[in-house]
Amino acid sequence: MKKFLAILLAVTMLMALSVSVLADDSAYTITIINTASGHTYAAYQVFSGTLSDTGVLSDIQWGDGVDSTALLNALKADTVFGTGTANIFAAATTAEQAAKAISGQQNDSVIAKEFAQVVGQHLGTAAGTSTFKDSKYTIPVTGTGYYFIKDASAVTGSDAATSYILQVVKSVE
């Protein structure tokens, strides 16, 4: 169940470009339900933006949690996304264009999984790390956007197969 939840959450971001998020810099929490203690999850902001009156995240910018130049170059070079001008990121020069290129992907698509893998290789500063209480890990973050969550602790055994999580933030579980 934990792996299924992780995979489901890993691609939620890709389909959620039109999901409502708050537009201010309020504090939010990302909650991960996991009865196993001993993990430390970290959240990295991939995209930031503002909320329109219609509930769409707009004015998408690169978040502080990624090396945007290296990430965009890696996305353009990754053949899973296509080759040459057929690469879905080929024409992207901004965060908004990159976000649009992955919008509409299915929850468990190859594109969604590969996007998470590439993001995971180009992380910057974590926006927050988790605390554990009552079988839940809570990560406080500030601001709206899309966050990449990964287990920052050493993982072994069946935990090593857990997928990265990409999630839209206003407070989410």
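The notes below deal with the structure included here. (Residues numbered from 1 in each chain as written. Predicted model: local features only at pLDDT ≥ 70, side-chain atom pairs only at ≥ 80, totals over all residues. Heavy atoms only, no water.)

Some remarks on the overall build of the protein
Right, on to step 1. Broken down by element type, the protein carries 4 helices and 8 strands.
Right, on to step 2. From first element to last, N terminus to C terminus, the protein shows the α and β order α-β-β-β-α-α-α-β-β-β-β-β.
Right, on to step 3. By residue count, 42% of the 173 residues in the protein fall in the buried class.
Right, on to step 4. Long-range pairs, those at least 24 residues apart, make up 73% of the contacts in the protein with a sequence separation of at least 6.
Right, on to step 5. Carbon and sulfur atoms provide 52% of the accessible area of the protein, an area that totals close to 8400 Å². (Helix = DSSP H or I, 4+ residues; strand = E, 2+ residues; numbered from the N terminus. Buried < 20%, exposed > 50% of the residue type's maximum accessible area, 1.4 Å probe, protein only. Contact = heavy atoms within 4.5 Å. Areas by Shrake-Rupley, 256 points an atom, 1.4 Å probe, with all protein chains shown as cover.)

Focus: the sheet that holds strand β6 (residues 136–142)
The pairing of strands in a sheet happens through backbone hydrogen bonds and is either parallel or antiparallel.
Right, on to step 1. The strand order across the open sheet built from 3 strands is β1-β6-β5, with neighbouring strands paired in antiparallel fashion. Of all strands in the sheet, those with a lone pairing partner are β1 (27–33) and β5 (131–133), marking the two edges. Taken over all neighbouring pairs, the strand axes of this sheet differ in orientation by 30° on average, direction set aside.
Right, on to step 2. Where β1 meets β6, 7 bridges bridge the pair, whose relative direction is antiparallel. Residue pairing across strands places Thr31 opposite Thr138, the latter belonging to β6. (Pairing = 2+ DSSP bridges. Axes fitted to C-alpha atoms, helices over the stretch in contact; angles between N-to-C directions.)

A look at the environment of His122
Right, on to step 1. If you trace the backbone, His122 turns up in the loop between α4 (110–120) and β4 (128–129).
Right, on to step 2. Classification of His122 as buried rests on a relative accessible area of 16%.
Right, on to step 3. Linking His122 and Gly65, residues 57 residues apart in sequence, is a C-alpha distance of 8.7 Å.
Right, on to step 4. When residues no more than four places from it in sequence are discounted, the contact partners of His122 are Gly65, Val66, Asp67, Ala70, Leu71 and Ala74.

So, helix α2 (residues 68–77)
Right, on to step 1. Three or more residues of α2 are buried, namely Leu71, Leu72, Ala74 and Leu75. Projection of α2 onto a plane perpendicular to its axis shows the buried side chains occupying an angular sector of 160°, all on one side. Structural note: α2 exposes Thr69 and Ala77 on the side pointing more than 90 degrees away from its buried face.
Right, on to step 2. Of the surrounding elements, those touching the buried residues of α2 are β3 (57–62), α3 (95–102) and α4. (Arc of directions from axis to C-beta.)

What about the packing of aromatic side chains?
Right, on to step 1. Considering all chains together, one arrives at 7 aromatic pairs under this definition.
Right, on to step 2. Aromatic side chains Phe89 and Phe115 sit 6.3 Å apart centroid to centroid with 20° between the ring planes, which places their arrangement in the stacked category. With Phe89 in the loop between α2 and α3 and Phe115 in helix α4, the pair connects residues that are 26 residues apart, well separated along the chain. As far as burial versus exposure is concerned, Phe89 and Phe115 are alike and both buried.
Right, on to step 3. Relative to Tyr137, the ring of Phe132 lies with its centre 4.5 Å away and its plane at 45°, an arrangement referred to as tilted.
Right, on to step 4. By relative accessible area, Phe132 is classed as partly exposed at 35%.
Right, on to step 5. Among the aromatic residues, those joined into a ring-pair cluster are Tyr41, Phe132 and Tyr137. (Phe/Tyr/Trp six-rings, centres within 6.5 Å; stacked < 30°, edge-to-face > 60°.)

Examining the nonpolar core
Right, on to step 1. Phe47, Leu75, Phe81, Phe89, Phe115 and Val119 are the most contacted members of the largest nonpolar core, which totals 25 residues.
Right, on to step 2. By residue number, the principal contributor to this core is α3, which donates 5 residues.
Right, on to step 3. Residues contacting Leu75, with those up to four places away along its chain left out, are Phe81, Asn87, Phe89, Phe115 and Val118.
Right, on to step 4. Residues Tyr28, Ile32, Tyr137 and Val141 belong to the second largest nonpolar core, which totals 10 residues. (Core = buried A, V, L, I, M, F, W, Y, C linked by side-chain atoms within 4.5 Å.)

As for the environment of Lys133
Right, on to step 1. By secondary structure assignment, the location of Lys133 is in strand β5.
Right, on to step 2. Its relative accessible area of 61% is what places Lys133 among the exposed residues.
Right, on to step 3. For the pair formed by Lys133 and Asn34, sequence separation is 99 residues and the distance between their alpha carbons is 10.0 Å.

The values reported here are purely geometric and, on their own, carry no functional implication.
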